[in-house]
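Remarks on the overall topology
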Amino acid sequence: MQKYICIVCGYEYDPEAGDPDSGIEPGTPFEEIPQDWVCPVCGATKDQFEKIES
Ligand SMILES: [Zn+2]
């Protein structure tokens with residue numbers, strides 16, 4: 001699945017891991033994360049994430 005990176009702090013969102021601390025189940029694609037989710041490291045909003053091109 002497509003990973004995304006926070007352009008503010010470099011945190012990588014891995015859909016296979018999700019973000020359980022914020023209620024995001026493992027296996028959740030970035031597109032399906034609620035719009036009010038923020039980066040668990042720096043608090044950046046979703047629009048401050050970019051696709052990681054591989
Ligand atoms: Zn961040």
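Read on for a plain summary of the structure.

The rules behind these values
Residues numbered from 1 in each chain as written. Predicted model: local features only at pLDDT ≥ 70, side-chain atom pairs only at ≥ 80, totals over all residues. Heavy atoms only, no water. Helix = DSSP H or I, 4+ residues; strand = E, 2+ residues; numbered from the N terminus. Buried < 20%, exposed > 50% of the residue type's maximum accessible area, 1.4 Å probe, protein only. Donors = N, O, S within 2.8 Å, 3.2 Å for Na, K, Ca; no water. Pairing = 2+ DSSP bridges.

**Structural notes on the environment of G23**
Inspection of the secondary structure assignment puts G23 in the loop between β2 (12-13) and β3 (49-51). G23 gets classed as exposed once you look at its relative accessible area, which sits at 56%. Taking the C-alpha atoms as reference points, G23 and M1, 22 residues apart in sequence, are found 19 Å from one another.

**Overview of the coordination of the zinc ion**
With distances of 2.3 Å, the protein atoms coordinating the zinc ion are C6 (SG), C9 (SG), C39 (SG) and C42 (SG). Counting residues between consecutive donors of the zinc ion along the chain gives the motif C-x2-C-x29-C-x2-C. Of this pair, C6 sits in strand β1 (residues 4-6) while C42 is found in the loop between β2 and β3, placing the two residues 36 residues apart along the sequence.

**Examining the sheet that holds β2**
Across the sheet, which stays open at both edges, the three strands sit in the order β2-β1-β3 with antiparallel pairing between neighbours. Of all the strands in the sheet, just β2 and β3 have a single pairing partner and so form its edges. As paired elements, β1 and β3 share three bridges and run antiparallel to each other. Bridged to I5 within β3 is E50.

Nothing here speaks to function; it is all geometry.
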